[in-house]
Amino acid sequence: AVVSTQSGHYGRGKLTSKCLGVHTTTTGAVSLCETDIVVPQNCSLYKWSTTSPGINLPTPHTSFITFVCHSKTYKYYASCDWKGVIAIYDDNFEVFFSLKGLDPPLAAVKFHGDDVLMVLTRGKHEHDPTSIATYQVQNNNVSLTKVLSGNYYQCASFDNFIFSWNWLQPEFTLCVHDSELGVLIKQQKLMSDSPGIGFAINKENLILEVNNRSLLWFNTTTLLEHSSSHLINVASSKIWTMILISQYNLLFQKSRQTYVILDIRTGDVVKSFCGPSAFACYIEISPSNPKYLWVCTVESMACLIFTQPLDQPDPSTTTELPVSSKVYNFHEISCCGLILHGAHLITGDMAGNIFTWDATSEGQQITRHSSEGIISGGHEPPSENPITYLSKTHIQDGIRALACHTTSEGRDVVLIGTLSGMLLFWTIETDTEPVPFVGAGDTITCIRTSGDNLVCYSSITGEVFVEEVDYEMLMETWGTSGHTNILSRTIHIPRTPATPEEEAKFGSLRLQAEVWSVDVSPCQQYVLSGSEDQTTKITEISSGNVMKSFKDHELAVTCVRWVVVATGTMLSLRDNAPLAVSSSDDNMIIVRDPWQGVILRKYSLPEELHGFCTLTYFDLLLPTTSDELSPGFGKCRVVMGTVNGYVIVRDLETGEVEFCERVHQGSIEGLWGRTGGSFATCSSDCTVQVHWLEADEGKLRS
């Protein structure tokens, strides 16, 4: 929004610091030098630099990495995942030790000094026992030395002591162990309130977050003699991470965009500065240059460069700390919107970027989104024939869904669904910005076009909408007219889980109503919808009545499609009636006769998939007319994507697995197939791929 005044323009401006979006799950990272950092991203580790994009480092992990750390002198590195795998690396980040089979989930790995690795195992439930195991790492040999049992939430170490604490009500207890002997030296109840996530430690001080708005400060040198502690009220939002940058100066995020350096002795703010606005889950100063600060948030990663060292700020300057250069932007947050439409591949991401590509050439390059353009590489070497980048636009909102329609005048109109619930349109051939024309009230999860004028979309509040759109009028009037709502109804009713067992099946927003996918029937009379409430429903557009409701999935329904199969096959219905196909977090694909309610086929994921895995999206690869003359290609296939980056292609009729490979390092957040053997995928690893399936000795290859 912008208003004009006599003195100038005021309104919403762009952030002065750019963010290098990578992930939403980082709980630990390690800084290698003033310009490099290694961060976990799903099942992989990436080395980032202020001068180059992320480089994928080899790891033994097949599930989400929960933590990565370094030893005191950067001699060793370690990582762990929630499946119970630990990896230890040398100073070149090459794996020399891998331990599997520990009881998951592993909460963290941390080095005590240079050669002792602490492993914190957290119970699956709040009151389950936890433990801290220590391993001796020496000359690339690793051995278990001791196990400290207790109800520990977090741990830290310095010199000869291991400090650990719990968060079990009604007691908050701090324990001190001898790191050599493993014996408990001191255990003390501190207060009735639980600690938070954030903590910091150095040779003399241990800082814990309590009450979400206060800090508890201990002098570690006198902790064994007496139990004095000091409570510092910082009036902050939840502190996820903090670091002691000098003996008494503590750096943490005070509010969403304000970071402060606090003198813990007085509680006074020494310096403050502006940084990334999302919640920070990791902060580290470069070990070789204290002017460099890496900040990982739940949305992005940033490197801030200051004009003075953070550990020794100039007291003669103002409290506001100047930043000479903000953030290098290599790629944006999770790609989660994608369309293959004619010659165009159109992709969007959570940072509001929309890219168009020429998808006609059979290039194999994996390409990263960038606010400054395109960075090639990814985790595959560049191809000699890359997919051609065409254009880019940007909106001030995260993008969740995309669709595209070609008008009678031959113009391609892209429809954009956002996290805030707006539906926008954008014409690829023009330089105009996307224009909003209707809103859903909350995040739009899926958009489908049908025929010349129908647009169907859904929201996380259980609603399904259908608009009649005159595209030419819509563009001429800049969205003020040219669209009429013909369906707006809550099809999947929001409700809170009734039991803990039921709640465990739903991982999103507690209200089991989010509609993850919709599709309009070929006759344009019905909408097929799939929801977090585990149901698949058929709704009549004209009346808004739910005609059919199926609950054959055990978890959330993630994707639905109508499909008409060729006459004469075992799956073909009378009068070419369409089938209803659905996928779910329960890893099942169900093909049904929607009107008889009969399940015709039911397929699970192949056994050869590794690691934690659920189905995210699927689409159908329908045969072309020429395919009928080619053995093996005149059939309908379903192509599926998973949360750990696999693509699986099955024969829809027989269920035969014809292709199964891991093609992405992150979750597949968009999948779009088209007639013939090509499809496109985009992922939370911020890469986009176009695949062509070919027959190779009777099997498919991509």
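Residues numbered from 1 in each chain as written. Predicted model: local features only at pLDDT ≥ 70, side-chain atom pairs only at ≥ 80, totals over all residues. Heavy atoms only, no water.

### With respect to the overall build of the chain
Okay, step 1: Helices and strands together make up the secondary structure of the chain, namely two helices and 61 strands.
Okay, step 2: Among the 702 residues that make up the chain, the fraction classed as buried is 56%.
Okay, step 3: For the chain, restricting intrachain contacts to residue pairs at least 6 apart in sequence, the fraction spanning at least 24 positions comes to 46%.
Okay, step 4: Here the chain has roughly 28900 Å² of accessible surface; of this, 49% comes from carbon and sulfur atoms. (Helix = DSSP H or I, 4+ residues; strand = E, 2+ residues; numbered from the N terminus. Buried < 20%, exposed > 50% of the residue type's maximum accessible area, 1.4 Å probe, protein only. Contact = heavy atoms within 4.5 Å. Areas by Shrake-Rupley, 256 points an atom, 1.4 Å probe, with all protein chains shown as cover.)

### Re the sheet that holds strand β52 (residues 598–604)
Okay, step 1: Read from one edge to the other, the open sheet built from four strands follows the order β49-β50-β51-β52, with strand pairing classed as antiparallel. Of all strands in the sheet, those with a lone pairing partner are β49 (557–563) and β52, marking the two edges. Averaged over all pairs of adjacent strands, the angle between strand axes in this sheet comes to 20°, irrespective of strand direction.
Okay, step 2: With six bridges connecting them, β49 and strand β50 (residues 579–584) associate as antiparallel partners. Residue pairing for β50: V560 is matched across the bridge by S582. (Pairing = 2+ DSSP bridges. Axes fitted to C-alpha atoms, helices over the stretch in contact; angles between N-to-C directions.)

### Structural notes on the sheet that holds strand β24 (residues 249–253)
Okay, step 1: The four strands lie next to each other as β23-β24-β25-β26, forming an open sheet whose pairing is antiparallel. Either end of the sheet is taken by a strand with one partner, and the two such strands are β23 (242–244) and β26 (268–274). Taken pair by pair, the neighbouring strands of this sheet meet at an average axis angle of 20°, ignoring direction.
Okay, step 2: By the bridge criterion, five bridges tie β24 to strand β25 (residues 258–263) in an arrangement that is antiparallel. By the bridge assignment, L251 is partnered in β25 with I261.

### So, the packing of aromatic side chains
Okay, step 1: Scanning the entire structure with this criterion turns up 11 aromatic pairs.
Okay, step 2: Pairing Y76 with F111 gives two aromatic rings, centres 6.5 Å apart and planes at 20°, and the pair type is stacked. You can see Y76 sitting in the loop between β7 (65–70) and β8 (77–81) and its partner F111 sitting in strand β11 (residues 106–112), a full 35 residues away along the chain. Comparing Y76 with F111, the two get one shared label, buried. (Phe/Tyr/Trp six-rings, centres within 6.5 Å; stacked < 30°, edge-to-face > 60°.)

### Some remarks on empty space enclosed by the protein
Okay, step 1: As enumerated under the stated definition, the model contains three cavities of 30 Å³ or more in all.
Okay, step 2: When its volume is computed, the largest cavity comes out at roughly 210 Å³.
Okay, step 3: Contributions of two or more residues to the lining of the largest cavity are made by β31 (335–341), β37 (399–406), β41 (444–450), β45 (515–520), β53 (615–621) and β57 (668–673).
Okay, step 4: A per-class count over the lining of the largest cavity returns 12 nonpolar, four polar and three charged. (1 Å grid on protein atoms, 1.4 Å probe; cavity = no way out; pocket = protein on both sides within 12 Å on 5 of 7 lines; lining within 4 Å. Points joined across faces, edges and corners; volume = space filled by probe spheres on them. Nonpolar A, V, L, I, M, F, W, Y, C, P; charged D, E, K, R; others polar.)

### Quick look at the nonpolar core
Okay, step 1: Of all hydrophobic cores here, the largest spans 34 residues; its most connected members are V563, I589, V647 and L652.
Okay, step 2: When residues of this core are traced back to their parent elements, those giving at least two are β49, β50, β51 (588–593), β53, β54 (637–642), β55 (646–651) and β57.
Okay, step 3: Among the elements that take part in this core, β53 stands out by supplying five residues, more than any other.
Okay, step 4: Apart from residues no more than four positions distant in its own chain, I589 is found in contact with V581, S582, S583, R601, K602, Y603, L615, F618 and M640.
Okay, step 5: Residues L338, W426, W672 and C686 belong to the second largest nonpolar core, which totals 26 residues. (Core = buried A, V, L, I, M, F, W, Y, C linked by side-chain atoms within 4.5 Å.)

### As for the environment of F355
Okay, step 1: Inspection of the secondary structure assignment puts F355 in strand β33 (residues 353–358).
Okay, step 2: Taking the C-alpha atoms as reference points, F355 and L390, separated by 35 residues in sequence, lie 7.5 Å from one another.

### What to know about the pattern of salt bridges
Okay, step 1: Per the stated rule, a full pass over the model turns up six salt bridges.
Okay, step 2: Note that R411 is salt-bridged to E472, the shortest N-O span being 2.7 Å. In this pair, R411 sits in the loop between β37 and β38 (412–418) while E472 sits in helix α1 (residues 471–476), placing the two residues 61 residues apart along the sequence.
Okay, step 3: Taking relative accessible area as the criterion, R411 reaches 31% and is therefore assigned partly exposed.
Okay, step 4: Across the pair D619 and R561 runs a salt bridge, and its minimum N-O distance is 2.7 Å. With D619 in strand β53 and R561 in strand β49, the pair connects residues that are 58 residues apart, well separated along the chain. Considered together, D619 and R561 belong to a single accessibility category, that of buried residues.
Okay, step 5: One continuous salt-bridge network, built from bridges that share partners, spans D519, R561 and D619. (Salt bridge = Lys/Arg side-chain N within 4 Å of Asp/Glu carboxyl O.)

### Here's the deal with the environment of V557
Okay, step 1: Of note, V557 is situated in strand β49.
Okay, step 2: Residue V557 is classed as buried on the basis of its relative accessible area of 0%.
Okay, step 3: Sequence separation between V557 and S582 is 25 residues; the distance between their C-alpha atoms is 6.9 Å.
Okay, step 4: If sequence neighbours within four positions are ignored, V557 has contacts with W516, G530, S531, Q534, T535, T536, S582, S583 and S584.

### As for unusual backbone geometry
Okay, step 1: Not every positive phi belongs to a glycine, and Y74 is a case in point at roughly 60°.
Okay, step 2: Residues other than glycine seldom take positive phi values, yet Q534 does so here, at roughly 75°.
Okay, step 3: On the secondary structure map, Q534 appears in the loop between β46 (526–531) and β47 (536–540).

### Some thoughts on the state of the cysteines
By definition, a disulfide links the sulfur atoms of two cysteine residues through a covalent bond.
Okay, step 1: What the rule picks out here adds up to zero disulfides.
Okay, step 2: Take C80: it sits in no disulfide, and the sulfur closest to it among the cysteines is that of C69, at 8.0 Å.
Okay, step 3: Residue C80 is classed as buried on the basis of its relative accessible area of 0%. (Disulfide = S-S within 2.5 Å.)

### Remarks on the confidence of the model for the chain
Okay, step 1: Here the chain averages 76 in pLDDT, while 74% of its residues score no lower than 70.
Okay, step 2: Scored below 50 in pLDDT, residues 1–27 makes 66 contacts in the model with residues more than four places away or belonging to other chains. (pLDDT = per-residue confidence, 0-100.)

### Let's talk about the pairing of strand β42 (residues 454–459)
Okay, step 1: With respect to burial, β42 is a largely interior element, six of its six residues being buried.
Okay, step 2: Here six bridges tie β41 to β42, and the two strands are oriented antiparallel to one another. Bridged to R448 within β42 is C456.
Okay, step 3: Linking β42 to strand β43 (residues 463–469), which pair antiparallel, is a turn of three residues; within it G462 sits at a positive phi near 90°.

### With respect to the environment of I599
Okay, step 1: In this structure, I599 sits in strand β52.
Okay, step 2: On the basis of relative accessibility, which here comes to 35%, the residue I599 falls in the partly exposed class.
Okay, step 3: Between the C-alpha atoms of I599 and D552, which are 47 residues apart in sequence, the distance is 9.1 Å.
Okay, step 4: Those residues within four positions of I599 in sequence are excluded, and the remaining contacts are D552, I590, V591 and R592.

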